[in-house]
Amino acid sequence: MSGAEKIAVRVTDITPLNELVTRFRFEPVNGGLLPTFSGGAHTVVEMRDGDITRMNPYSLMSDPFDRSAYTISVRRDDEGRGGSKFMHTRVKVGDEMIVSNPVNLFSLDLRAKKHLMIAGGIGITPFLAQIKQLDRAHGNWELHYACRSEALGSYVDYLTTTHPNDVSVYYDDQGQAIDLDSLLDGQPLGTHIYVCGPKGMIEWVRGKAAEMGWPREAVHYEEFLAPQPGKPFEVKLAISNKVIQVGEQESLLEAIERAGVDAPYLCRGGACGQCETNVVQAEGEILHRDHWLEDDEKASDTKIMPCVSRFEGKTLVLDR
Amino acid sequence: MSIQFHKETFRGDYSFHNSERAIKRFPFPFDKDSYMYAVNMEQHRGGPADSIYEKRFDVDEHYISEMDDRAMVLADDPLRCQSLPHMTLAGWDLLELIMVSKSEDYPDLFELHRNGDQWRWINKPLGIDDSFTFMDETTLPYGPMEYITRQTQGDFCVLDQRDDNLWMDAGMVTTQADWSLDFDIGMNFFEWHAPVPLAHEKGIFVRALKFLLNIQQGAPARRLNWTMTVNPLLDTSPENYHKWGIQKTTLTPENIAAKQHLRVELQTFFRLPRSNALVFPIRCYLCAFQDLMTVPKWGRRLHRVIRDLPVELATYKGFIDNRPMMLDYLSQFDDGQPTSLGIWPDLDTEPPLKSA
Ligand code: HEM
Ligand code: FES
């Protein structure tokens, strides 16, 4: 079996926060305790939609030491393949679901003298858990949180009331923006930067930090990619000797799994590297969408990350 | 089954010995008649009843004496146990993992009673009954990692995971095969493996690291490693090489059967939940050649493996000079018959030794 260990949970609370974001609470079906986790960890939620099973990663936002329940916040993505829409429209309190054991690809560097957190939109969620972890250990942190508008500012009230001195909020529609130059310039030695948000924001922060001479290992980021829909295509799996069709609304990984072939994965969001698969032959264009492969690997079309990447062209043969 | 703990030594008069049960469950590390480094990792989810794979942390007849030996090593050299400041949380993770595992797996030997943060730990074999506050170091006599690893067989490396690498930032290392925590502390996976021959070229460490970085909570893994030790010494550290290195020259055809030991490490890997660190317990099992030879399959196979082992490996493992003498002894137990695949003794199915 691939992926992290699974846990059967029941949805015990659904709280809409605003027009786009809804919070879900999961408790173990058997009444026991959930595994503890570390701030920044995610869980992969399985969504059974007829005979399609979608699995999406969501950051855990609850207190890592609270083993009675996990909470996640899901932002509705109307353009996506329907995972988030399924969570918003189909999941009801009392439903049983399967989630994975926590996996952390966005861990705090516990050597840091100070943790500087930069969040954009729904990227706030891993920080909520990290803040709880750091508060317990009396860690030194500061959060800069950019949201589209007050109405869409999930958890702003909670953050600014509990930590008025450590949290700064910026609203795009009011023309407010993080002054990154002076923010990075004023940091004490031993500070680590953590950024989670849209792709553009991550690139902006990483680029600026690199320009200002921050060491690469002091800049941490996480961006989950939701697999994007695309044109259907055909793939030949060389080892299992199968030809499969990837539908418009499913990922290559999901299509491989649907064909009964066990393929490795963890994050299903192009970040962990676990699903890396060798390309035996590609006549056409691989649409690389992951954060894992190096640019030269992408250019050579010898590898593909089937959790997020797709293909357009004549023939694709994979070593799977 | 209740374990009869031995009172024995791993130094001086070397009274260490294995019972018949211990010999049968010895982790013979060769699954075929030859050996080469490989990414030999599998899930650590139990194993055959009474095998060393069955429990998460195996406790055997040597438990009390091994812990006495560890205490002696630490009294002479406190640097065998080190933990960089950011690793304390991982130490608590490890303490919890071991206490929960042992109390569940050996309820007659260990008890853990938890009431919120108030914990009571009872270790019957060592006569310990301590109450403390979880996550409050001032309530334990040592830091959490040192406290629990003074009560658990095997060495422990606690690896911080960051920047797509593992860093040896904490450990309890008193039963090692000639490497030093004090030297390796703060190093990363490639740095501390630098002395190993051939494996880098074969790409083994790149693949092994990738596997380790992805080890998940609740899904531990394991592998076996091995070397040779003259006399049943637990502490074969570089720090004490002057004491044990010369003992290798005391081997003779007369004493080799009793003195030469195969040293096998059961290495396991667990993700730690709160710190996202990885713990790497290295459990050492020793078995004298004469005891190994009571299993016909192992006798045949050990001879073939040692005979065909590449010079680089025999040199790195430190027995190249004694290899001819070992082969003279071992060849008596190899009648040329085929051996079954796998590491298990297969006493019921493998033929007895044909006498020459
Ligand atoms: C994070 C866990 C690990 C730690 C802390 C660790 C540590 C060590 C150390 C300290 C040595 C001795 C090097 C020296 O001569 O100074 C060693 C040797 C070695 N390690 Fe690892 N190791 C780990 C995981 C692995 C894995 C997963 C493999 C998988 C292939 C591996 C393969 C080896 C090999 C082949 C040797 C040489 C052993 C011999 O021939 O006796 N190690 N390791
Ligand atoms: S599953 Fe993590 S990169 Fe594909």
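Residues numbered from 1 in each chain as written. Chains lettered and ligands numbered in written order. Predicted model: local features only at pLDDT ≥ 70, side-chain atom pairs only at ≥ 80, totals over all residues. Heavy atoms only, no water.

Moving on, we get to the interface of chain A and chain B. With 24 residues of chain A in contact, the opposing surface of chain B contributes 18 residues. It is Thr36, Leu110 and Arg111 of chain A in chain A that bury the most area against chain B; as a group they hold 26% of the surface buried on that side. For the interface between chain A and chain B, the tally reads three salt bridges. The residue Glu5 of chain A makes a salt bridge to Arg45 of chain B at a minimum N-O spacing of 3.1 Å. Counting the contacts that link chain A with chain B gives nine residue pairs in polar contact (both at pLDDT 80 or more). A class-by-class count of the residues in the side of chain A that touches chain B yields ten nonpolar, seven polar and seven charged. (Contact = heavy atoms within 4.5 Å. Buried area = accessible area lost by both parts, 1.4 Å probe. Salt bridge = Lys/Arg side-chain N within 4 Å of Asp/Glu carboxyl O. Polar contact = N/O pair within 3.5 Å; in protein donor to acceptor, adjacent residues only side chain to side chain. Nonpolar A, V, L, I, M, F, W, Y, C, P; charged D, E, K, R; others polar.)

Attention shifts here to the domain arrangement of chain A. All names here are of chain A. Structurally, chain A comprises domain 1 (6–104), domain 2 (114–222) and domain 3 (233–318). Taking the mean C-alpha position of each, domain 1 and domain 3 sit 26 Å from one another. Each partner contributes to the interface: domain 1 provides ten residues, whereas domain 3 provides nine residues. Regarding the contact of domain 1 and domain 3, the summed buried area is about 770 Å², with carbon and sulfur atoms giving 50% of it. Taken together, the connections running from domain 1 to domain 3 amount to zero salt bridges. Seen at the junction of domain 1 and domain 3, the total is one residue pair in polar contact (both at pLDDT 80 or more). Residue assignment for the side of domain 1 that touches domain 3 shows that the elements contributing at least two residues are β3 (41–49) and β4 (52–59). With four residues, the top contributor of residues to the side of domain 1 that touches domain 3 is β4. Counted by class, the side of domain 1 that touches domain 3 contains four nonpolar, three polar and three charged residues. (Domains from an automatic or database assignment. Helix = DSSP H or I, 4+ residues; strand = E, 2+ residues; numbered from the N terminus.)

Residues and elements named next belong to chain B. Three or more residues of helix α13 (residues 323–331) are buried, namely Arg323, Met326, Leu327, Tyr329 and Leu330. One side of α13 carries all its buried residues, which in axial view fall inside an arc of 165°. Among the exposed residues of α13, those pointing more than 90 degrees away from its buried face are Pro324 and Asp328. (Buried < 20%, exposed > 50% of the residue type's maximum accessible area, 1.4 Å probe, protein only. Arc of directions from axis to C-beta.)

Once that is clear, we can look at the sheet that holds strand β9 (residues 141–147) of chain A. Residue and element names in this part refer to chain A. Taken together, the five strands give an open sheet; going across it, the order is β10-β9-β8-β11-β12, and neighbouring strands pair in parallel fashion. The sheet is open, and its two edges are formed by β10 (167–171) and β12 (219–222), each paired on a single side. Across the sheet, the mean angle separating the axes of adjacent strands is 15° when strand polarity is ignored. Bridge analysis of β9 against β10 gives five bridges, and the strand direction is parallel. Note that in β10 the partner of Tyr145 across the bridge is Val169. Strands in contact with helix α2 (residues 125–136) are β8 (114–120), β9 and β11 (191–196); relative to β8, the strand with the most contacts, it is inclined by about 160°. In the packing of helix α5 (residues 199–211) onto the sheet, the strands contacted are β8, β9, β11 and β12, and the crossing angle to β11 comes to about 155°. (Pairing = 2+ DSSP bridges. Axes fitted to C-alpha atoms, helices over the stretch in contact; angles between N-to-C directions.)

Moving on: the pattern of salt bridges. Using the criterion set out here, one finds 48 salt bridges over all chains in the structure. Glu211 of chain A serves as the salt-bridge partner of Lys208 of chain A, at 3.8 Å between the closest nitrogen and oxygen. Of this pair, Lys208 of chain A and Glu211 of chain A both sit in helix α5, three residues apart, which is roughly one turn of the helix. By relative accessible area, Lys208 of chain A is classed as buried at 17%. Each member of the salt-bridge network shares a partner with another, and the members are Arg21, Arg25, Asp50, Asp58, Asp60 and Arg283 of chain B.

To continue, consider the sheet that holds strand β7 (residues 165–172) of chain B. Residues and elements named next belong to chain B. On the basis of which strands lie adjacent, the open sheet formed by seven strands has the order β1-β8-β9-β10-β6-β7-β2 and antiparallel pairing. Each edge of the sheet is formed by a strand with only one pairing partner; in this case those strands are β1 (42–43) and β2 (81–83). Bridge analysis of strand β9 (residues 260–271) against strand β10 (residues 278–288) gives nine bridges, and the strand direction is antiparallel. Looking across to β10, one finds that Phe270 is bridged to Val279.

Metal coordination angles in their ideal form are 109.5 degrees for the four-donor tetrahedron and 90 or 180 degrees for the six-donor octahedron. Within the protein, a single donor atom binds the iron atom of ligand 1, namely His193 of chain B (NE2) at 2.0 Å. Position of His193 of chain B among the secondary structure elements: in the loop between α6 (189–192) and α7 (204–213). (Donors = N, O, S within 2.8 Å, 3.2 Å for Na, K, Ca; no water.)

In this section: the site of ligand 1. Residue and element names in this part refer to chain B. For ligand 1, the set of nearby residues contains 25 residues, the closest of which are Tyr37, Trp192, His193, Tyr316 and Lys317. Note that an oxygen atom of ligand 1 is positioned 2.7 Å from one of the side-chain N or O atoms of Lys317. Listed by contribution, the elements that provide at least two residues to the shell around ligand 1 are β6 (155–162), β7, α6, α7 and β8 (221–230). For the shell around ligand 1, the element with the highest residue contribution is α7, accounting for four residues. Taken together, the residues of the shell around ligand 1 break down into 20 nonpolar, two polar and three charged. (Near = heavy atom within 4 Å.)

Residue and element names in this part refer to chain B. Following the criterion strictly, the structure yields five cavities of 30 Å³ or more and no others. Volume-wise, the largest cavity comes out at about 130 Å³. In this structure, the largest cavity is lined by 15 residues; those nearest its centre are Asn18, Ala22, Asp60, His62 and Tyr285. Secondary-structure elements contributing two or more residues to the lining of the largest cavity are α1 (20–24) and β10. (1 Å grid on protein atoms, 1.4 Å probe; cavity = no way out; pocket = protein on both sides within 12 Å on 5 of 7 lines; lining within 4 Å. Points joined across faces, edges and corners; volume = space filled by probe spheres on them.)

With that settled, consider the nonpolar core. Residue and element names in this part refer to chain B. Core analysis: the largest hydrophobic core is formed by 62 residues, its most contacted members being Leu166, Trp226, Met228, Leu262, Leu292, Leu302 and Ile306. Considering every element that reaches this core, the biggest residue donor is α7, with six residues. If we skip the residues at most four places from it in the chain, Met228 touches Gln260, His261, Leu262, Phe289, Leu302, Ile306, Phe319 and Met326. By size, the runner-up hydrophobic cluster in this structure holds 38 residues, among which are Cys81, Leu95, Ile128 and Ile148. (Core = buried A, V, L, I, M, F, W, Y, C linked by side-chain atoms within 4.5 Å.)

The subject of this paragraph is a negative patch on the surface. All names here are of chain A. Together, Glu150, Asp157, Asp172 and Asp173 make up a region of like negative charge exposed at the surface. Within the element layout of this structure, Asp157 appears in helix α3 (residues 156–162). By relative accessible area, Asp157 is classed as exposed at 63%. (Patch = residues over 30% accessible without salt bridge, like charges linked within 9 Å, V, L, I, M, F, W, Y side chains within 5 Å. Areas by Shrake-Rupley, 256 points an atom, 1.4 Å probe, with all protein chains shown as cover. Lys, Arg positive; Asp, Glu negative; His and termini not counted. Charge placed at Lys NZ, Arg CZ, Asp CG, Glu CD.)

With that settled, consider the environment of Ala226 of chain A. Relative to the helices and strands, Ala226 of chain A is located in the loop between β12 and β13 (233–237). Distance from Ala226 of chain A to Ala137 of chain A, taken between C-alpha atoms, is 33 Å for residues 89 residues apart in sequence.

What follows deals with unusual backbone geometry. All names here are of chain B. The backbone phi angle of Asp50 is positive, close to 65°, even though this residue is not glycine. Summarising the element assignment, Asp50 is placed in the loop between β1 and α2 (63–76). On the accessibility criterion, Asp50 (29% relative accessible area) is partly exposed. A positive phi angle, close to 55°, is found at Asp164, a residue other than glycine. Structurally, Asp164 is set in the loop between β6 and β7.

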